[in-house]
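Fold and contact review
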Amino acid sequence: MTDNELMQLSERIGLALKARGATLTTAESCTGGWVAKVVTDIAGSSAWFERGFVTYSNEAKAQMIGVQPATLDAHGAVSEQVVVEMAIGALKAARADYAISISGIAGPDGGSDEKPVGTVWFGIACVSGEGITRRECFPGDREAVRRQATAYALQTLWQHFLQNA
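Below you will find a few notes about this structure. Keep in mind the model is a prediction, meaning the values are calculated, not measured.

Time to look at the overall build of the protein chain. What the protein chain contains, in helices and strands, is six helices and five strands. Ordering the α and β elements of the protein chain from the N terminus gives α-β-α-β-α-α-α-β-β-β-α. In terms of overall size, the protein chain behaves like a compact globule, its C-alpha atoms giving a radius of gyration of 15 Å where 165 residues would be expected to give roughly 15 Å. Along the first, second and third principal axes, the C-alpha set of the protein chain runs to 45 × 30 × 25 Å. By residue count, 50% of the 165 residues in the protein chain fall in the buried class.

Trans is the prevailing form of peptide bonds, just as negative phi is the prevailing case for residues other than glycine. A cis amide bond links Gly107 with the next residue in sequence, Pro108, at an omega value of 5 degrees. Along the chain, the position of Pro108 falls in the loop between strand E3 (98-104) and strand E4 (119-126).

In this section: the packing of helix H3 (residues 58-65) against helix H5 (residues 80-94). It is the contact of H3 with H5, at a shortest axis distance of 9 Å, that shows an interaxial angle of 35 degrees. Of the two possible hands of crossing, H3 and H5 adopt the one that is left-handed. Along the contact surface, H3 presents Lys61, Met64 and Ile65, while H5 presents Val82, Glu85, Met86, Gly89, Ala90 and Ala93. Residues belonging to the contact of H3 with H5 are distributed by class as follows: six nonpolar, one polar and two charged.

A separate point is the packing of aromatic side chains. The geometry of an aromatic ring pair is captured by the separation of the ring centres together with the interplanar angle, meaning the angle of the planes. What the rule picks out here adds up to four aromatic pairs. Seen in terms of ring centroids, Tyr98 and Phe161 are 6.1 Å apart; in terms of plane orientation they differ by 75 degrees. Their pairing is edge-to-face. With a gap of 63 residues between them, Tyr98 in strand E3 and Phe161 in helix H6 (residues 142-162) connect regions that are remote in the sequence. Both residues of the pair, Tyr98 and Phe161, count as buried. If you follow Arg12 out to its NZ or CZ, it ends over the ring of Trp158, 5.5 Å from the centre.

This part covers the side chain of Lys61. Looking at the element boundaries, Lys61 is found in helix H3. In this structure, Lys61 is buried with no salt-bridge partner, the nearest side chain bearing the opposite charge being Glu85 at 11 Å. From its side chain, Lys61 meets the backbone oxygen of Tyr56 in a polar contact 3.3 Å long. For Lys61, the contacting residues outside a window of four places in its chain are Ser29, Thr55, Tyr56, Gly66, Val67, Leu72, Ala77, Val82, Met86 and Ser103.

Next up on the list: H5. Look at H5: 21 Å from first C-alpha to last across 15 residues, which is about the 21 Å you get at 1.5 Å a residue. The set of residues buried in H5 consists of Val82, Val83, Met86, Ala87, Gly89, Ala90, Leu91 and Ala94. Among the residues trailing H5, Arg95 stands out with phi positive, at a value near 55 degrees.

Moving on: the pattern of salt bridges. Following the criterion strictly, the structure yields three salt bridges and no others. With a shortest N-O distance of 2.9 Å, Arg147 and Asp3 are connected by a salt bridge. Here Arg147 is found in helix H6, whereas its partner Asp3 is found in helix H1 (residues 3-20), with 144 residues between them in sequence. Accessibility expressed as a relative area gives 53% for Asp3, which makes it exposed. Asp41 serves as the salt-bridge partner of Lys37, at 2.5 Å between the closest nitrogen and oxygen. Under the relative-accessibility criterion, Lys37 is labelled partly exposed at 44%. The class of Asp41 is partly exposed, set by a relative accessible area of 43%.

Rules behind the numbers
- Residues numbered from 1 in each chain as written.
- Predicted model: local features only at pLDDT ≥ 70, side-chain atom pairs only at ≥ 80, totals over all residues.
- Heavy atoms only, no water.
- Helix = DSSP H or I, 4+ residues; strand = E, 2+ residues; numbered from the N terminus.
- Rg over C-alpha atoms; globule rule 2.2 N^0.38 Å.
- Buried < 20%, exposed > 50% of the residue type's maximum accessible area, 1.4 Å probe, protein only.
- Axes fitted to C-alpha atoms, helices over the stretch in contact; angles between N-to-C directions.
- Left-handed = near helix turned anticlockwise from the far one by under 90°.
- Contact = heavy atoms within 4.5 Å.
- Nonpolar A, V, L, I, M, F, W, Y, C, P; charged D, E, K, R; others polar.
- Phe/Tyr/Trp six-rings, centres within 6.5 Å; stacked < 30°, edge-to-face > 60°.
- Lys NZ or Arg CZ within 6 Å of the ring centre and 35° of its normal.
- Lys, Arg positive; Asp, Glu negative; His and termini not counted.
- Salt bridge = Lys/Arg side-chain N within 4 Å of Asp/Glu carboxyl O.
- Polar contact = N/O pair within 3.5 Å; in protein donor to acceptor, adjacent residues only side chain to side chain.
- Expected span 1.5 Å × (residues − 1).

The quantities given are spatial measurements derived from coordinates; they are silent on function.
Here's what the structure looks like:
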């Protein structure tokens, strides 16, 4: 997805959130705040984007958004269980209506047979209690994985929570 396409998607998300009087927060690891950057590139995003958490280390995940150390120890940072706790923790910390969480292995190192480079887990939660998780494995170098993860997160929020609601 190009920068222009990311901007158009962010604008659609912003309009939908603004129409609902709703806000978004992000909890990002491997994307390093790229989702927050893309949405704050939109003029007026302060009306619907509350804040972003870049929780790159396990310590940051625990301290900033309440991911349990036991969850990190049992499942690893790149896991469904962790992105669920990240999304719920970000929702609570930001008092937002929607949260996107992302944790993955962008490479070039850090992969394993079980979790190869390009593996990314996504969590999206809504203050109503609704939520989804997804796992994807993206091809390409570090930047390609991170760009694809950013686009996938925004597309998933749009398609599953905002497009038809």
